[in-house]
Amino acid sequence: MSYKILLASNSPRRREILSMLRIPFTVVTLEGIDESYPHDLEPEKVSEFIANKKADEFLKRIGDNDLIITADTIVICDGKILGKPKDSEDAAKMLMFLSGKTHMVTTGVTVATKNNRASFTTESYVKFADLTEDEIRYYVDTFHPLDKAGAYGIQEWIGAVAVAKIDGSFYNVMGLPVHRLYQVLKNFKVFPVLHH
């Protein structure tokens, strides 16, 4: 069966990463999906929990030969979850909090059809150098990272000047752990050319 692949994401970065796999896909979005999670859920499990919630909403609306990919990325530092900043002030505070520390980035991904589902979480560890207030202000004012978990995009200026070390997948930090996703999509027989 050849699936119609749907990427449920507003993120241009996720679109760019998925297109590296050279498979046709369509971007779909839904407004107002509830992204809340139980407060006693371990931080490492939150992104996958939210990816599954997103998938549940889309599964109500997709066809029998549609395959939906949902994802959620969060930043965890000192046990605290950093989502998307509310405003520039909040973004600057987040970056000051990350300065000089190692934080974890988790992306939860769900791949689902009407009768099959696979979910996983990928973790990467990112070590930030010490950042000055001026550097943080410059980045926030120039790049406006309000749509990014932890208030930064690793592929931007901040990644070049602040990221001292990464342990794990670079693409995971960008928002889509494409190596692991590729393995899962192979199980769904998405790449006919690779199944002789």
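Check the entry above for the structure.
Analysis parameters
Residues numbered from 1 in each chain as written. Predicted model: local features only at pLDDT ≥ 70, side-chain atom pairs only at ≥ 80, totals over all residues. Heavy atoms only, no water. 1 Å grid on protein atoms, 1.4 Å probe; cavity = no way out; pocket = protein on both sides within 12 Å on 5 of 7 lines; lining within 4 Å. Points joined across faces, edges and corners; volume = space filled by probe spheres on them. Helix = DSSP H or I, 4+ residues; strand = E, 2+ residues; numbered from the N terminus. Nonpolar A, V, L, I, M, F, W, Y, C, P; charged D, E, K, R; others polar. Core = buried A, V, L, I, M, F, W, Y, C linked by side-chain atoms within 4.5 Å. Buried < 20%, exposed > 50% of the residue type's maximum accessible area, 1.4 Å probe, protein only. Contact = heavy atoms within 4.5 Å. Pairing = 2+ DSSP bridges. Polar contact = N/O pair within 3.5 Å; in protein donor to acceptor, adjacent residues only side chain to side chain. Arc of directions from axis to C-beta. Phe/Tyr/Trp six-rings, centres within 6.5 Å; stacked < 30°, edge-to-face > 60°.

Caption draft 1: Structural context of the layout of surface pockets. There is about 740 Å³ of room inside the largest pocket. Taken together, the elements giving at least two residues each to the lining of the largest pocket come down to helix 1 (12–19), helix 2 (43–59), strand 3 (66–77), strand 4 (80–82) and helix 6 (170–174). Top contributing element to the lining of the largest pocket by residue count: strand 3, with 5 residues. Counted by class, the lining of the largest pocket contains 19 nonpolar, 10 polar and 8 charged residues.

Caption draft 2: Examining the nonpolar core more closely. By size, the foremost hydrophobic cluster in this structure holds 44 residues, and its most contacted members are I69, L95, V111, F128, Y152, L181 and L185. Setting aside residues no more than four positions away along its own chain, Y152 makes contact with V75, L95, L98, H103, V105, V126, F128, Y139, P145, I158 and V173. Counting 8 residues, the second largest nonpolar core, distinct from the first, contains L6, F58, I68 and A112.

Caption draft 3: Structural view of the pairing of strand 1 (residues 4–8). For strand 1, a buried count of 4 out of 5 residues is recorded, marking the element as mostly surrounded by other parts of the structure. One ladder, built from 5 bridges, connects strand 1 with strand 3; its direction is parallel. Bridge assignment links L7 to a residue of strand 3, and that residue is I69. When strand 1 meets strand 2 (residues 26–28), the two strands line up parallel, connected through 3 bridges.

Caption draft 4: Region of the structure containing the side chain of T110. Tracing the chain through its elements places T110 in strand 5 (residues 102–113). At a separation of 3.2 Å, a polar atom in the side chain of T110 contacts the side chain of N52. Residue contacts for T110: discarding those within four places in its chain leaves E48, A51, N52, A55, I68, I69, T70, R117, A118 and S119.

Caption draft 5: Structural view of helix 1. All of the buried residues along helix 1 are R13, R14, I17 and L18. Summarising the axial view, the buried residues of helix 1 lie within an arc of 130°, below the 170-degree limit, and thus occupy one face. Measuring from the backbone nitrogen of R13 back to the side-chain oxygen at the start of helix 1 gives 3.2 Å, which picks out S11 as the cap.

Caption draft 6: The arrangement of the packing of aromatic side chains in detail. Tallied over the full model, the rule gives 4 aromatic pairs. Between the aromatic rings of Y138 and W157, the centroid separation amounts to 4.8 Å while the plane-to-plane angle is 70°, which identifies the pairing as edge-to-face. Taken together, the residues Y138 in helix 4 (residues 133–143) and W157 in helix 5 (residues 157–162) connect sequence positions 19 residues apart. Residue Y138 is classed as partly exposed on the basis of its relative accessible area, which comes to 41%. We classify W157 as partly exposed; its relative accessible area is 28%. Between the aromatic rings of Y139 and F143, the centroid separation amounts to 5.2 Å while the plane-to-plane angle is 25°, which identifies the pairing as stacked. Residue Y139 and its partner F143 are both found in helix 4; the two are separated by 4 residues, about one turn of the helix.

Spatial relationships are all this shows, so hold off on functional conclusions.
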